[in-house]
Amino acid sequence: MSFVSLRNVYKSYGAVDVIHGVNLEIEAGEFIVFVGPSGCGKSTLMRMVAGLEEITKGEIHIGGRVVNDLPPRDRDIAMVFQDYALYPNKTVFQNMAFGLQLRKTPAEEMRRRVAEAAETLQITHLLERLPKALSGGQRQRVAMGRAIVREPKVFLFDEPLSNLDALLRNQVRAEIKKLHKRTKGTIIYVTHDQVEAMTLADRIVVLRAGHIIQVGTPDEIYHHPLHRFVAEFTGSPPMNLIDAKVEAVEDGVAVVAEGVAPVRLPPHLAIDAQPYIGREVMFGIRPENLHLADCNTAPRWPTLSLRVDLVEPMGAENLIHFTFGKGDLIGRFGTSVRPTEGTNLNVAFDPAHFHLFDKKSEQSIGTVLPTPQTHDAARTACADPAA
């Protein structure tokens with residue numbers, strides 16, 4: 001049996017439905033991330049697990065028992081909030097120990113738990129300070145420590161990094177990942193940041209408008225999106241999605257965008273695309289699956305000459321924007337590839353990573369190959385024509 005179970009859960013505010021029949025099974029020790037745009041219902045769903053929101057219909061199980069009618073204090077959960085929620089007049093030690101004091105935990109046991117949590121989070125030297133003397137990252141560690149000392153069944157994190165600057169977000173995100181490895185606790189984590197979701201989660205739950213769109217590992221969500229929304233939401237930049245039509249070509253099937261030569265589909269996708277011949281679809285490919293055409297790619301992969309509209313230097317790489325049909329196509333290239341804007345570049349498309357989406361339902365058509373492989377890893381040395 002799953003450790004946390006949401007069974008046909010609904011939430012309504014009057015006549016407005018915000019959660020629509022969510023079903024989800026979370027195993028003990030899993031790190032689950034709810035991700036989606038603002039207003040998708042991810043925080044509401046977490047608050048229902050915590051007992052801070054009543055559910056309209058359905059059941060929530062924690063540790064094998066129904067908790068619908070249990071108050072938060074009886075659910076054996078600990079929540080870390082976005083705004084830290086520390087007592088300003090209490091020291092770090094007192095903040096971390098407060099929940100244990102309410103439970104009348106023996107003093108020696110309380111000191112032991114606080115000391116262990118402080119050492120884990122590297123805040124032992126801060127135990128006598130007040131919150132006002134701490135940085136944002138230190139305050140968030142204290143809030144995490146307060147949750148750890150309770151040794152709950154489930155940790156709930158509600159966008160805990162959104163108030164931190166970029167550097168602190170990276171540091172505290174690493175601390176949360178280390179915390180999970182040390183404690184082996186069950187964690188439900190809410191964020192709108194898909195980078196946090198990809199780096200932290202065992203499994204990601206992608207939500208939109210109160211519905212679960214897809215549940216899967218980070219690799220599954222990124223490489224095998226089952227819906228156009230998932231493809232657009234994950235990745236930075238996200239997947240390129242282009243209006244195109246499926247057409248039969250000699251010995252195969254291709255997608256054609258307006259004003260662009262046909263892009264032939266690989267056999268594994270051509271079979272699934274057969275029923276769509278003559279129909280419009282969305283053609284998708286991620287920026288890292290576009291490559292500079294060379295002797296390795298040209299004989300095997302579809303290659304097009306595309307006009308360069310914009311070059312964005314990113315330090316370790318360049319993002320290059322191309323004109324493609326009526327839309328924009330972005331490629332991720334190494335720093336050695338930096339063409340002049342307005343010129344053309346021969347670009348090869350890796351067919352192992354093509355995606356097609358139904359224009360109406362926005363569901364994925366067929367599948368991509370199961371094992372992602374980068375072009376660089378697969379390269380062989382080009383023959384020297386002078387040799």
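Note that the structure is predicted; figures quoted are calculated from it, not measured. (Residues numbered from 1 in each chain as written. Predicted model: local features only at pLDDT ≥ 70, side-chain atom pairs only at ≥ 80, totals over all residues. Heavy atoms only, no water.)

Asks: Give me the lowdown on the sheet that holds strand β3 (residues 31–35), citing residues and values where you can.
Replies: Read across the sheet, 6 strands follow the order β6-β7-β8-β3-β9-β10 without closing on themselves; strand pairing throughout is mixed. Edge positions in the sheet fall to β6 (77–80) and β10 (211–216), since each of these pairs with one other strand and no more. When the angles between neighbouring strand axes are averaged without regard to direction, this sheet yields 20°. The sheet contact formed by strand β9 (residues 203–208) and β10 spans 5 bridges and is antiparallel. Paired with V206 across the bridge in β10 is Q214. The strands touched by helix α1 (residues 42–50) are β3, β6, β7 (154–158), β8 (186–191) and β9; relative to β8, the strand with the most contacts, the crossing angle is about 150°. Strands β6 and β7 of the sheet are contacted by helix α4 (residues 136–149), whose axis makes an angle of about 175° with β6. (Pairing = 2+ DSSP bridges. Helix = DSSP H or I, 4+ residues; strand = E, 2+ residues; numbered from the N terminus. Axes fitted to C-alpha atoms, helices over the stretch in contact; angles between N-to-C directions. Contact = heavy atoms within 4.5 Å.)

Asks: I'd like a rundown of the environment of F349, residues and numbers included.
Replies: Mapped onto the elements, F349 comes out in strand β19 (residues 344–349). Taking the C-alpha atoms as reference, F349 lies 12 Å from L329; in sequence the two are 20 residues apart. Contacts of F349, omitting those with residues within four sequence positions, involve I285, N289, L290, W301, P302, L304, L306, F324, L329 and F354.

Asks: Would you mind going over the nonpolar core in detail, with residue names and values included?
Replies: Counting residues in each nonpolar core, the largest one holds 44 residues, and the members touching the most others are M96, M144, F157, I176 and Y189. If one sorts the elements of this core by residue count, α4 sits on top with 6 residues. Once residues lying within four places of it in the same chain are set aside, the contact partners of F157 are M46, V80, M144, I176, L179, I187, I188, Y189 and V190. The next biggest cluster of nonpolar side chains, apart from the first, holds 33 residues, and it includes V281, F283, V308 and F322. (Core = buried A, V, L, I, M, F, W, Y, C linked by side-chain atoms within 4.5 Å. Buried < 20%, exposed > 50% of the residue type's maximum accessible area, 1.4 Å probe, protein only.)

Asks: Before we move on, could you go through the packing of helix α3 (residues 107–120) against α4 and cite the residues and values that matter?
Replies: In a packed pair of helices, the relevant descriptors are the angle between the two axes and the axis-to-axis distance. Interaxial distance between α3 and α4 falls to 9 Å at its minimum, and their mutual angle equals 135°. If you check the angle between α3 and α4, you find them oblique. Along this stretch, α3 crosses α4, giving a crossing that reads as right-handed. Mapping the contact onto sequence places R113, V114 and A117 in α3 and G145, I148 and V149 in α4. (Parallel < 35°, antiparallel > 145°, perpendicular 65-115°, else oblique. Left-handed = near helix turned anticlockwise from the far one by under 90°.)

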